[in-house]
Amino acid sequence: VQLVESGGGLVQAGDSLRLSCAASGLPFSYYAMGWFRQAPGKERVFVAAISRGGSATSYADSVKGRFTVSRDNAKNTVLLQMSSLKPEDTAVYFCAARESGARSTYASMGDYEYWGRGTLVTVSS
């Protein structure tokens, strides 16, 4: 199983950025997906999650209304559209996967079986 994040970079506050996570080696449509982030010197925390079919999503309060998670099961890809970025969004962003039921989303790190290596997002003020 391989999860590969891309799309990170340096942006200014207020900008938008779209992260992608390409999955391989697993039956993607049977897996719920999640995004987490880890700021420098801090613990990894939940950002967003999407059910295996895409019908259910959940978000951390800190990103609700600014970030949107989506997936394309035909392309084995999950996306995180980030808008109105703030300096406090600066972090390494990780995607994660776990086999799941139809409409389940998961917000705990321990719920996930597989992880990517992350992509760095830096938001300057």
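Our subject is the structure that appears above.
As the structure is a computational prediction, the values presented were derived from the model and not from experiment.

Here is what the cut-offs are and how they apply
Residues numbered from 1 in each chain as written. Predicted model: local features only at pLDDT ≥ 70, side-chain atom pairs only at ≥ 80, totals over all residues. Heavy atoms only, no water. Helix = DSSP H or I, 4+ residues; strand = E, 2+ residues; numbered from the N terminus. Rg over C-alpha atoms; globule rule 2.2 N^0.38 Å. Contact = heavy atoms within 4.5 Å. Areas by Shrake-Rupley, 256 points an atom, 1.4 Å probe, with all protein chains shown as cover. Lys, Arg positive; Asp, Glu negative; His and termini not counted. Charge placed at Lys NZ, Arg CZ, Asp CG, Glu CD. Salt bridge = Lys/Arg side-chain N within 4 Å of Asp/Glu carboxyl O. Buried < 20%, exposed > 50% of the residue type's maximum accessible area, 1.4 Å probe, protein only. Disulfide = S-S within 2.5 Å. Core = buried A, V, L, I, M, F, W, Y, C linked by side-chain atoms within 4.5 Å. Phe/Tyr/Trp six-rings, centres within 6.5 Å; stacked < 30°, edge-to-face > 60°.

**Student:** Any chance you could explain the overall build of the protein chain here in plain terms?
**Tutor:** Tallying secondary structure elements over the protein chain gives 0 helices and 11 strands in all. Taking 2.2 N^0.38 as the reference for a compact globule, 125 residues should give roughly 14 Å; the C-alpha atoms of the protein chain span a radius of gyration of 13 Å, in line with that estimate. The principal-axis extents of the C-alpha atoms in the protein chain amount to approximately 40 × 25 × 25 Å. In the protein chain, of all internal contacts separated by at least 6 residues, the share reaching a separation of at least 24 is 60%. When the accessible surface of the protein chain is totalled, it reaches about 6,100 Å², and 46% of it is carbon and sulfur. Averaging the coordinates of the 13 positive side-chain charges in the protein chain and doing the same for the 10 negative ones gives two points 3 Å apart.

**Student:** Teacher, can you tell me more about the pattern of salt bridges here?
**Tutor:** Opposite charge on two side chains makes pairing possible when the charged atoms of those side chains draw close. Throughout the structure, instances matching the rule amount to 3 salt bridges. Asp61 serves as the salt-bridge partner of Lys64, at 3.1 Å between the closest nitrogen and oxygen. Of the two residues, Lys64 and Asp61, neither departs from the other in class, the shared state being exposed. One salt bridge connects Asp89 with Arg66, and the closest N-O pair in it is separated by 2.8 Å. On the criterion of sequence distance, the pair formed by Asp89 in the loop between strand S8 (77–82) and strand S9 (91–99) and Arg66 in the loop between strand S6 (57–59) and strand S7 (67–72) is long-range, its members being 23 residues apart.

**Student:** It is not clear to me how the state of the cysteines should be interpreted in this structure. Could you clarify?
**Tutor:** Here, the word disulfide means a covalent bond between the sulfur atoms of two cysteines. By the definition in use, this model includes 1 disulfide. Linked covalently through their sulfurs, Cys21 and Cys95 form a disulfide whose S-S length is 1.9 Å. Disulfide Cys21-Cys95: torsion about the S-S bond near 45°, hence right-handed. Of this pair, Cys21 sits in strand S3 (residues 17–24) while Cys95 sits in strand S9, and the two are 74 residues apart along the sequence. Of the two residues examined, Cys21 and Cys95, each falls in the buried class.

**Student:** Please explain the side chain of Ser51 as it appears in this structure.
**Tutor:** In this fold, Ser51 is placed in the loop between strand S5 (44–50) and S6. When residues no more than four places from it in sequence are discounted, the contact partners of Ser51 are Ala32, Ala56, Arg71, Ala102, Arg103, Ser104 and Thr105.

**Student:** Looking at this structure, I do not really get the nonpolar core. What am I missing?
**Tutor:** Side chains of nonpolar character tend, in soluble globular proteins, to be buried together. Ranked by internal contacts, the top residues of the largest apolar core, which has 36 residues, are Trp35, Leu80, Met82 and Tyr93. Within the residue set of this core, elements represented by two or more residues are S3, strand S4 (31–38), S5, S7, S8, S9 and strand S11 (119–124). Among residues more than four places away in sequence, those in contact with Tyr93 are Glu5, Leu19, Trp35, Phe36, Arg37, Val47, Phe67, Leu80, Met82, Gly118, Thr119 and Val121.

**Student:** Would you explain the packing of aromatic side chains in this entry?
**Tutor:** Working definition: an aromatic ring pair is given by the centre-to-centre distance plus the angle between the planes. A full pass over the atoms with the stated rule returns 6 aromatic pairs. Judged by centre distance (5.7 Å) and plane angle (70°), the rings of Phe36 and Phe46 are edge-to-face. Here Phe46 lies in strand S5 and Phe36 lies in strand S4, a separation of 10 residues in the sequence. What makes Phe36 buried here is its relative accessible area of 0%.

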